[in-house]
Amino acid sequence: MSARSSASSSSAAAPPPPVRGPPAPKRGRIAPPSAPRRSPVVNVVLDGLSSPKLENAAGAVHVQIIEARYLPPAKILASTNYYAVIKFQNNRVETHTIRNNSSPKWNIPFHFSLSSLYQDEELELEVWDKNSVKRPTLIGSARVNLSAISTQLKPVMTTVSLRNANGKIKGELQLQIFVDGVMAVDRKDIPPPPLLAPPAPKNVPLLSEPISSLALHPLPSSTVSTSATHSSISVPPPSNLVVVKSPVNASASPTPEENERLFQEYLRNNSCCVICSGHFAPESIFQLDCSHNYCDACLNRSLKKQLDSIVSGSHKSMQFKCTYSGCGTVVADRLLKEILSAEDFTKYDQLLLEKFVEGDERLFHCPNPACKLVMEKLSSDSTQTSSLKGPDDKPLSPEALDCYKNSRFRCPNCSTIFCASCKAQPFHLGFTCQEYKSYLESRHCRFCGVQLAASVASGPVKDVCTQEECQERAAMCCTRVLKCGHPCNGIKNERACLPCLRDSCCSASSAQKGSDFCNICWAEALESAPCIQLICGHVFHNSCIRKKLTQRWPSARITFGFSECPLCKHTMEHPSLVDILAPIKQLKAEVESKATQRLSYEGLINTRDLKDPKSRFFGKPTEYAMDRFSYFLCSRCKHPYFAGQKQCDAGNEEKEYNPADLVCGGCSGGANAATCKKHGAEFIEYKCQFCCSVAVWFCWGTTHFCDDCHTKQNKGAYLTKMPATYFAKCPGPESCPLKVAHPHVAEFVLGCSLCRNIQSF
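Computed from a prediction, not measured in an experiment: that's the story for all the values here.

Q: Requested: an account of the overall build of the protein, with residues and values cited.
A: A count of helical and extended segments in the protein gives 14 helices and 29 strands. Split by element, the accessible area of the protein, about 42,300 Å² in all, is 52% carbon and sulfur.

Here it is in structure tokens:
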């Protein structure tokens, strides 16, 4: 393990440490080794969890398994049952199982008693998936060296990467470790036992010096005894003693000055950077697993250089290594995040993800550069593919259908549709990847996209197939070639050509490209038919615009939204549309004039909506009148007539209607039609035959309906078949909404609406 707070020395000739208590460790400080430590308390507390008292042991290793993260999630129709295992000195313990959680949290402490600890001893950590049918599966494992941790005076939190048998990272494990009462020693520092020595207890080293030259630190509940028979040879200490070599002169304790000198010399020898040879404070030194010390600047510079090599591809391995004298020891991942800048570590993290994705054939990226979401390829059992057809309007071949099932994806993040195999976007429906590559390299119809045979000749408009629809579009298309070399996608005989719509010629800021759908039909790309560019700058299919203007408003009420650009609501304007826009503009002017006139006659010219600065109609009487009143187009005289207020027709905007039933008052009276001496027959109104409302519908040439009664008639109420007693009687002129006396369930002319309004006001 590599850590900023490691106590291992890189020099074999380092002076022995002074016998004194180490100072309180700071972040990154290299604490000097001292005599074996005894914890001042009986119980060790890890995150609030207390360990039991450990009897007859020199020390203990306390390990708390906190959680695992980024473990493989459960597959469809499967589950996960994760548990962790710790192996240490022939001991094996495991946690409980957590089901269906790729980030299980155990938070369980384990305790291992020990009499000695060697520098090469490690904790073995494993995470398993326990399956009820198969044997448990090893997800990943890791090792933690306890040498550096044994120098710490407090629990150490660490995170290790879990790797499978192939070395791939399958997640990470977070744990807390505390080594209590012992220091790690090198096996070679303990000499082998002499041949005449009696058998020693297992794992207890023999002494090569007389017992008088050693300082013995007894532990509770034991005594020391030696055999007289072997008094002249090396005698193993009892298993309940911890043995530490004393200074050269064991009879005399070092003076405080000598102790301080030794301590400072130890710090100097262990705070020197191996690259720049500079001496630094312990908190500014990083010690790697190989015991080489680096200052912050040198280690950062070394890691940054290796990162640049990884990014450029010259360094194939994704691991960072110690560069001192060809050491090559791998730098721990947890140290990278501490040393590298946030930007560099993010770059490295992305490279790891890329490497991980490249190593798993089931994983792939979204090809959208702004997204790059990682997805997993799962087998598809979809059967709803029988209706799929290619660009030639024919069913897909078995190969193309298989490619569609296994390689077509829609990114859930950015909705990009693409091929996971060749990264083509949008997906090449009707082709395999190889067929699509050949298709791109060959000629194809500029309108329908069908691949052209070499024998197809080019006319005035190049690259057009023989289908009738494509030939009709070619006849209407501009024949000129733009400066970029691409054919113009505009209409024939237009004054100015369209800008090039090819994706390769459009800038990133272009609002519309040739591959974009037409915002009117939403069925074909702009480049698949001749287009025009409106005065507002937006481009649409010429045929789609003309069809939209010809169909006009969708309901009986006259509206003019159909004549506005679908994207910006600006009134449509183009030289080729003059013939179709002229009558629409004339009708709009007539409706606006009548609506504004009625607004004045009804005394609404000073309404609050026109005077309030916060209102959307402030200072806009014409727009207010068009929004408030409804006008229908008379099917006989082709002039608009008043059909009540807009709110009276709410909910009927999209209902089907018969245009022949829309007849104004002047045309619905026949030979006996009433006329106004001042205003003529244009403003003549009739009463609904079935209620006290103004009629707006005239059906079968005999019957007047208001909008409400007309709706009831169309929904099956059949008011015309009801007896007169079915309808409510008029309460009289004073309470009647029409303010006039009129017959019950009979045709009745109300007279000129303008004259009645003038009399009312």
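Q: I'd love a proper account of helix α9 (residues 578–601), names of residues and values included.
A: In a regular helix each residue adds 1.5 Å, so 24 residues correspond to 34 Å; α9 covers 35 Å between its end C-alpha atoms and thus fits that length. Taken together, the buried positions of α9 are occupied by I580, L581, I584, L587, V591, K594, A595, R598 and L599. Where α9 terminates, the next one or two residues include G603, which has phi positive at roughly 70°.

Q: Residues and numbers for the environment of L567, please.
A: As for its position among the elements, L567 is in the loop between α8 (542–551) and α9. Taking relative accessible area as the criterion, L567 reaches 40% and is therefore assigned partly exposed. It is 9.9 Å that separates the C-alpha atoms of L567 and V539, two residues lying 28 residues apart in sequence. Beyond its immediate sequence surroundings of up to four residues, L567 is in contact with Q512, N519, H538 and F540.

Q: Kindly report on the nonpolar core, identifying the contributing residues and their values.
A: What tends to happen in soluble globular proteins is that the nonpolar side chains get buried as a cluster. Of all hydrophobic cores here, the largest spans 36 residues; its most connected members are L534, I545, L549, F560, L577 and F629. The set of elements that each furnish at least two residues to this core consists of β22 (531–533), β23 (539–541), α8, α9, α11 (621–628) and β24 (629–633). Ranked by residues supplied to this core, first place goes to α9 with 7 residues. The residues contacting L549, other than those within four sequence positions of it, are F562, S563, M572, L577, I580, L581 and I584. The next biggest cluster of nonpolar side chains, apart from the first, holds 30 residues, and it includes V63, L71, I98 and L175.

Q: Any chance you could break down empty space enclosed by the protein for me, citing the residues and the numbers?
A: Evaluation of the coordinates by the stated rule reveals 5 cavities of 30 Å³ or more. When its volume is computed, the second largest cavity comes out at roughly 60 Å³. Split by residue class, the lining of the second largest cavity holds 7 nonpolar, 3 polar and 2 charged.

Q: Which residues make up the packing of aromatic side chains, and what values do they have?
A: Evaluation of the coordinates by the stated rule reveals 18 aromatic pairs. Plain terms: the ring middles of F431 and Y439 are 4.8 Å apart, the flat faces sit at 35° to each other, and that makes the pair tilted. For the pair F431 and Y439, one class covers both residues: buried. Counting every residue linked through ring pairs, the aromatic cluster contains F690, F705, Y726 and F727. The ring of F642 has R598 lying over it, and the distance from NZ or CZ to the ring centre is 3.6 Å.

Q: Describe α8, with residues and values.
A: Restricting attention to buried positions, one finds in α8 the residues N542, C544, I545 and L549. Looking straight down α8, one finds that the buried residues subtend no more than 165° of arc, so they occupy a single side. Turned more than 90 degrees away from the buried face of α8 sit K547, T550 and Q551, all of them exposed. Those residues of α8 that are buried lie in contact with β22, β23 and α9. Positive backbone phi, at 60°, marks R552, one or two positions downstream of α8.

Q: Residues and numbers for unusual backbone geometry, please.
A: In this structure, the amide linkage connecting Q425 to the following residue, P426, adopts the cis form with an omega of 0°. Topologically, P426 is positioned in the loop between β21 (417–419) and α6 (433–441). The phi dihedral of Y70 falls on the positive side, at around 60°, and the residue is not glycine. With respect to the element layout, Y70 can be found in the loop between β3 (59–69) and β4 (81–88). Phi is positive for K638, close to 65°, though the residue is something other than glycine. Tracing the backbone shows K638 in the loop between β24 and β25 (640–645).

Q: Before we move on, can you summarise the pairing of β25 with the specific residues and values?
A: Counting buried positions along β25 yields 6 of 6 residues, so the element is predominantly enclosed. Note: β24 against β25, 4 bridges, orientation antiparallel. In the strand pairing of β25, L633 is matched with P640. The antiparallel hairpin formed by β24 and β25 contains 6 residues in its connecting segment, where K638 sits at a positive phi of about 65°.

Q: Can you tell me about the pattern of salt bridges, naming the residues and giving the values?
A: Throughout the structure, instances matching the rule amount to 17 salt bridges. For R69, the salt bridge identified is with E67, shortest N-O distance 3.6 Å. When the shortest N-O distance is used, the salt bridge between D308 and K304 registers 3.2 Å. A residue pair is termed a helical-turn pair when its members lie 3 or 4 positions apart in one helix, as D308 and K304 do in helix α2 (residues 296–312) at 4 residues. For K304, a relative accessible area of 28% corresponds to the partly exposed category. Connected through salt bridges with shared partners, the residues E67, R69, K105 and E172 form a single ionic network.

Q: Can you break down the packing of α8 against α9 residue by residue, with the values?
A: At a minimum axis distance of 10 Å, the contact between α8 and α9 shows a crossing angle of 25°. On the basis of the axis angle, α8 is roughly parallel to α9. The two elements α8 and α9 cross, and the hand of that crossing is left-handed. Here R546, L549 and T550 of α8 come into contact with α9, specifically with D579, I580, L581 and I584. Here the contact of α8 with α9 is composed, by residue class, of 4 nonpolar, 1 polar and 2 charged.

Q: Give a description of the side chain of T416 that names residues and reports values.
A: Turning to its location among the elements, T416 is positioned in the loop between β20 (408–410) and β21. When residues no more than four places from it in sequence are discounted, the contact partners of T416 are C366, N368, F409, R410, C411 and Q425.

Q: Explain the environment of I580 to me, and be specific about the residues and the numbers.
A: Here I580 shows up in helix α9. The class of I580 is buried, set by a relative accessible area of 14%. Separated by 30 residues in the primary sequence, I580 and T550 place their C-alpha atoms 7.6 Å from one another. Setting aside residues up to four positions removed in sequence, I580 forms contacts with R546, L549 and T550.

Q: Run through the packing of α2 against helix α4 (residues 342–358), naming residues and quoting values.
A: Running from N to C, α2 and α4 cross one another at 40°; their axes reach a closest spacing of 11 Å. The orientation of α2 with respect to α4, classified from their angle, is oblique. Crossing of α2 against α4: the hand is left-handed. Taking contact as the criterion, the partners of K304, L307, I310 and V311 in α2 are, on α4, D344, K347, Y348 and L351. Counted by class, the contact of α2 with α4 contains 5 nonpolar, no polar and 3 charged residues.

Q: How would you explain the state of the cysteines if you had to name every residue and give the values?
A: The final tally for this structure, using the stated rule, is 0 disulfides. Lacking any disulfide linkage, C536 is separated from the closest cysteine sulfur, that of C568, by 3.6 Å. Exposure remark for C536: the relative accessible area of 27% places this residue in the partly exposed category.

Rules behind the numbers
Per-chain numbering applies: the sequence of each chain, read as written, is numbered from 1 onward. Residues qualify for local features only when their pLDDT is at least 70, as the model is predicted, and side-chain atom pairs are given and counted only at 80 or more; totals for whole chains, interfaces and linings, by contrast, use all residues. As a convention, hydrogens and water are excluded, and side-chain values are obtained from all of the structure's heavy atoms. Helix and strand definitions follow DSSP, with helices as H or I runs of at least four residues and strands as E runs of at least two, each counted in order from the N terminus. To measure how exposed things are, a 1.4 Å probe is used in the Shrake-Rupley method; for residues, cover is taken only from the protein chains shown. To estimate how far a helix should reach, multiply one less than its number of residues by 1.5 Å. Note on classification: 1.4 Å probe, protein chains only; a residue is buried when its accessible area is under 20% of the maximum for its type, exposed when over 50%, partly exposed between these limits. The criterion used for residue contact is that any of the two residues' heavy atoms lie within 4.5 Å. Nine residue types can take part in a nonpolar core, namely buried Ala, Val, Leu, Ile, Met, Phe, Trp, Tyr and Cys, and a core is a set of them joined through side-chain atoms within 4.5 Å. For cavity detection a 1 Å grid was placed over the protein atoms alone, and a set of points counts as a cavity when a 1.4 Å probe fits there but cannot get out; an open set counts as a pocket when protein lies on both sides within 12 Å along at least five of seven lines, with lining residues being those that have an atom within 4 Å of a point. Grid points are joined across faces, edges and corners, and a volume is the space filled by probe spheres set on the points. Throughout this entry, Asp, Glu, Lys and Arg are counted as charged residues, while Ala, Val, Leu, Ile, Met, Phe, Trp, Tyr, Cys and Pro are counted as nonpolar. The remaining residues, Gly among them, count as polar. Pairing of aromatic side chains requires ring centres within 6.5 Å, counting the rings of Phe and Tyr and the six-membered ring of Trp. Pairs whose planes differ by under 30 degrees are stacked, by over 60 edge-to-face, and all others tilted. Two limits define a charge over a ring: the Lys NZ or Arg CZ must be within 6 Å of the ring centre, and within 35 degrees of the ring normal. Directions from the helix axis toward the C-beta atoms define the arc. At least two bridges found by DSSP between two strands are what make those strands a pair. When a carboxyl oxygen of Asp or Glu is within 4 Å of a side-chain nitrogen of Lys or Arg, the pair counts as a salt bridge. To get an axis, fit a line to the C-alpha atoms, keeping to the stretch in contact for a helix; angles then go from 0 to 180 degrees between the N-to-C directions. Oblique is the label for any angle not covered by the other classes, which are roughly parallel (under 35 degrees), roughly antiparallel (over 145) and roughly perpendicular (65 to 115). Two helices crossing with the near one rotated counterclockwise from the far one by less than a right angle form a left-handed crossing, whereas a clockwise rotation gives a right-handed crossing. Any pair of cysteine sulfurs within 2.5 Å is marked as a disulfide.

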